[in-house]
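An overview of the molecular structure
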Amino acid sequence: MSSSDIDDNSIVINDLPNDTEAAIRYIKTLLPATLNDTFKYPPIVFIHQLKDIIHNETLINKELDILKNQCKIQLLTIGVSDTSSALILYEDYVKYTLNIYPENCCVKKFLNIIIPSIKSFLVEKCILRQQFKLQQYEITELINCGLLLIRNQESYWVSFPSSGSFIKRYNEGRKYIIQIIKRRKFQEILENDLEVRCAKVSKIKELGFKYFLHEIKGSEDIITMNTTSGCLLRIS
């Protein structure tokens, strides 16, 4: 086939999202959006959510590495752990953060130069000082803006504005759902029944029931079984 045979509207295969990116974008749609397609919280996606959609951990890890190297995602740790448990699309990370700090020079440098270069969810203080020439007041500014969390005297975790508020809402909602299942006879419940129980609970509605459901089903806390009545969730 010659180049003249290729239609101008042809799709370039390499531009198509891989399975993991498609799953990330699906999870993002589960979060309630406000006006102008903005989010009250950044559209964080948990690794466990991906595992519930793509039942191949090796593939997920491989494709996450590809997305990380392409600067399409920013890995995160939710809490204080040296394990990456969540991520956010880089485009969403930039959009959400600049919506809060539109004129902050330190923030812009962090988003446009530092994050694409380190490709990690933690960064050493010496890297910020030596490679990126940040002064201490600039590092302090990034901490105050919520983009860095202190790991120890020599390093930081990459974070996001209002991370404390998001984590609190997430932990409250997740705990509520787990407690519902634990209180049931045999510590199990049908997925449809669980959704009904959670339908009017504000701490669930704020992030969305299915958002929580994918994370819980993808974790090791729950065993799922298909039955004639639907999916059964049981505490492992």
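Residues numbered from 1 in each chain as written. Predicted model: local features only at pLDDT ≥ 70, side-chain atom pairs only at ≥ 80, totals over all residues. Heavy atoms only, no water.

A look at helix α3 (residues 57-69)
Inclusion rule: Counting from the N terminus, the helices are DSSP H or I runs at least four residues long and the strands are E runs at least two residues long. What a helix is expected to span follows from its residue count: subtract one and scale by 1.5 Å. Here's how the labels work: a residue is buried when its accessible area is under 20% of the maximum for its type, exposed when over 50%, partly exposed in between, all with a 1.4 Å probe on protein chains only. Throughout, the arc means the angular range of directions from the helix axis out to the C-beta atoms. Contacts between residues were defined by any pair of non-hydrogen atoms, one from each residue, lying within 4.5 Å. Polar contact is the term for a pair of N or O atoms within 3.5 Å; when the atoms are in protein, one must be able to donate a hydrogen and the other to accept it, and sequence-neighboring residues count only if both atoms are side-chain atoms.
Over its 13 residues, α3 extends 18 Å from the first C-alpha to the last, a length consistent with the 18 Å expected when each residue adds 1.5 Å. I60, E63, L64 and L67 are the residues of α3 that are buried. Mapping the buried residues of α3 onto a view down its axis gives an arc of 110°, with all of them on the same face. Exposed positions of α3 whose direction lies more than 90 degrees from the buried face are T58, K62 and N69. As for α3, its buried residues are in contact with α1 (19-30), α2 (47-53), β2 (73-76) and β3 (86-89). One side-chain oxygen of the residue at the start of α3 lies 3.3 Å from the amide nitrogen of T58, identifying that residue as N56. One or two positions beyond α3, positive phi appears at C71, with a value near 60°.

Examining the sheet that holds strand β8 (residues 222-227)
Test applied: The criterion for strand pairing is that DSSP finds at least two bridges linking the strands in question. Between N-to-C directions, angles span 0 to 180 degrees; the directions come from axes that are lines fitted to C-alpha atoms, helices contributing only their stretch in contact.
Across the sheet, which stays open at both edges, the three strands sit in the order β7-β9-β8 with antiparallel pairing between neighbours. Every interior strand has two partners, whereas the edge strands, β7 (188-190) and β8, have only one. For this sheet, the mean angle separating the axes of adjacent strands, direction not counted, is 25°. Across the face of the sheet, helix α8 (residues 163-183) comes into contact with β7, β8 and β9 (230-235) while running at roughly 90° to β9.

Side note on the packing of aromatic side chains
The condition that has to hold: Between rings of Phe, Tyr and Trp, where Trp is taken as its six-membered ring, a pair exists when centres lie within 6.5 Å; planes separated by under 30 degrees are stacked, by over 60 edge-to-face, and by other angles tilted.
Here the structure, examined in full by the defined rule, presents six aromatic pairs. Judged by centre distance (6.4 Å) and plane angle (15°), the ring pair of F46 and F166 falls under stacked. Here F46, found in strand β1 (residues 45-46), pairs with F166, found in helix α8; they are 120 residues apart in sequence, far enough to count as distant. By relative accessible area, F46 is classed as buried at 3%. Aromatic side chains Y170 and F212 sit 6.3 Å apart centroid to centroid with 10° between the ring planes, which places their arrangement in the stacked category. Highlighted residues: Y170 in helix α8 and F212 in helix α11 (residues 209-218), separated in sequence by 42 residues. For the residue pair Y170 and F212, the accessibility class agrees, reading buried in each case. Of the aromatic side chains, those joined through ring pairs into one cluster are F46, F160, F166, Y170, Y211 and F212.

Describing the nonpolar core
Nonpolar side chains in soluble globular proteins generally cluster together in the buried interior. The line we're drawing: In plain words, nonpolar cores are sets of buried Ala, Val, Leu, Ile, Met, Phe, Trp, Tyr and Cys residues tied together by side-chain atoms within 4.5 Å.
Counting 69 residues, the largest nonpolar core has I44, F110, F166 and L194 as the members making the most contacts within it. Beyond its immediate chain neighbours, meaning those up to four positions away, L194 contacts I177, I180, I181, I189, F209, L213 and L233.

Comments concerning the packing of α8 against helix α9 (residues 191-198)
Put simply, the rule is: Put simply, angles under 35 degrees are roughly parallel, angles over 145 are roughly antiparallel, angles from 65 to 115 are roughly perpendicular, and the rest are oblique. In this scheme, a crossing is called left-handed if the near helix is turned counterclockwise away from the far one by less than a right angle; it is called right-handed if the turn is clockwise. Asp, Glu, Lys and Arg are counted as charged, while Ala, Val, Leu, Ile, Met, Phe, Trp, Tyr, Cys and Pro are counted as nonpolar; the rest, among them Gly, fall into the polar class.
Two numbers describe how α8 lies on α9: the axes approach to 11 Å, and their chain directions differ by 125°. Between α8 and α9, the angle is such that the two are oblique. In this structure, α8 meets α9 at a crossing whose hand is right-handed. Mapping the contact onto sequence places Y176, I177, I180 and I181 in α8 and L194, R197 and C198 in α9. Taken together, the residues that form the contact of α8 with α9 break down as six nonpolar, no polar and one charged.

Comments concerning the environment of S236
Along the polypeptide, S236 turns up in the segment after β9. Not counting the four nearest positions on each side in its chain, S236 is found in contact with E220, D221, I222 and I223. At a separation of 2.6 Å, a polar atom in the side chain of S236 contacts the main-chain carbonyl oxygen of E220.

So, the sheet that holds β2
Spatial strand order, β1-β3-β2: three strands in an open sheet with antiparallel pairing. If you trace the sheet from one side to the other, it starts and ends with β1 and β2, each paired once. Here four bridges tie β2 to β3, and the two strands are oriented antiparallel to one another. Residue pairing in the sheet places Q74 in a bridge with I88 of β3.

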